[in-house]
Amino acid sequence: QVQLVESGGGLVQAGGSLRLSCAASGSIRRINDMYWYRQAPGKQRELVASITEGGTTNYADSVKGRFTISRDNAKSTVHLQMNSLKPEDTAVYYCNAQIVLRFEFGPSSHWGQGTQVTVSS
């Protein structure tokens, strides 16, 4: 059994900052890529940022220069530092991790429960 638990969401004014965290726990052999997605009301879930086990990062154009993804492999955690927040960043943010539970089966996809981020204008 694997759990991803997110924290750090909340209400912030435009221009402010928030730091999201996601901690994985359970019978984990290895965590490959980790992701942050978001879903705004009435919109599809979209990829915000990704990070490989080695630390290579990628970002959606809409957040480049404002958001930073990082991870702590020893603690099985991933973070999303969000600066210069805009009202259009308002969404439920989800973490996703590609986790190897048993080496003979390869990675499987696991999701957190989501954390609400609301940016007021």
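Residues numbered from 1 in each chain as written. Predicted model: local features only at pLDDT ≥ 70, side-chain atom pairs only at ≥ 80, totals over all residues. Heavy atoms only, no water.

## Overview of the side chain of His79
Here's step 1: Its place among the elements puts His79 in strand 8 (residues 77-82).
Here's step 2: Discounting chain neighbours no more than four positions away, the residues touching His79 are Arg19, Leu20, Ser21, Trp36, Thr68, Ile69 and Ser70. (Helix = DSSP H or I, 4+ residues; strand = E, 2+ residues; numbered from the N terminus. Contact = heavy atoms within 4.5 Å.)

## Focus on the nonpolar core
Here's step 1: Formed by 29 residues in total, the largest nonpolar core has its most connected members in Trp36, Val48, Phe67, Val78, Leu80, Met82 and Tyr93.
Here's step 2: Looking at this core, the elements that each hand over two or more residues are strand 1 (2-7), strand 3 (18-26), strand 4 (30-39), strand 5 (46-51), strand 7 (67-72), strand 8, strand 9 (91-100) and strand 11 (115-120).
Here's step 3: Ranked by residue count, the leading element in this core is strand 9, at five residues. (Core = buried A, V, L, I, M, F, W, Y, C linked by side-chain atoms within 4.5 Å. Buried < 20%, exposed > 50% of the residue type's maximum accessible area, 1.4 Å probe, protein only.)

## Re unusual backbone geometry
Here's step 1: Although it is not a glycine, Ser76 sits at a positive phi angle of roughly 55°.
Here's step 2: By the element assignment, Ser76 lies in the loop between strand 7 and strand 8.
Here's step 3: We note that Ser84 has phi near 50°; this positive angle belongs to a residue other than glycine.

## Structural notes on the packing of aromatic side chains
Here's step 1: Considering all chains together, one arrives at three aromatic pairs under this definition.
Here's step 2: Taking 6.5 Å as the distance between ring centres and 85° as the angle between the ring planes, the aromatic pair formed by Tyr94 and Trp111 counts as edge-to-face. Of this pair, Tyr94 sits in strand 9 while Trp111 sits in strand 10 (residues 107-111), and the two are 17 residues apart along the sequence.
Here's step 3: These aromatic residues form a ring-pair network of at least three members: Tyr35, Tyr37, Tyr94 and Trp111.
Here's step 4: When the ring centre of Tyr94 is taken as origin, the NZ or CZ atom of Arg45, which lies over that ring, is 3.8 Å away. (Phe/Tyr/Trp six-rings, centres within 6.5 Å; stacked < 30°, edge-to-face > 60°. Lys NZ or Arg CZ within 6 Å of the ring centre and 35° of its normal.)

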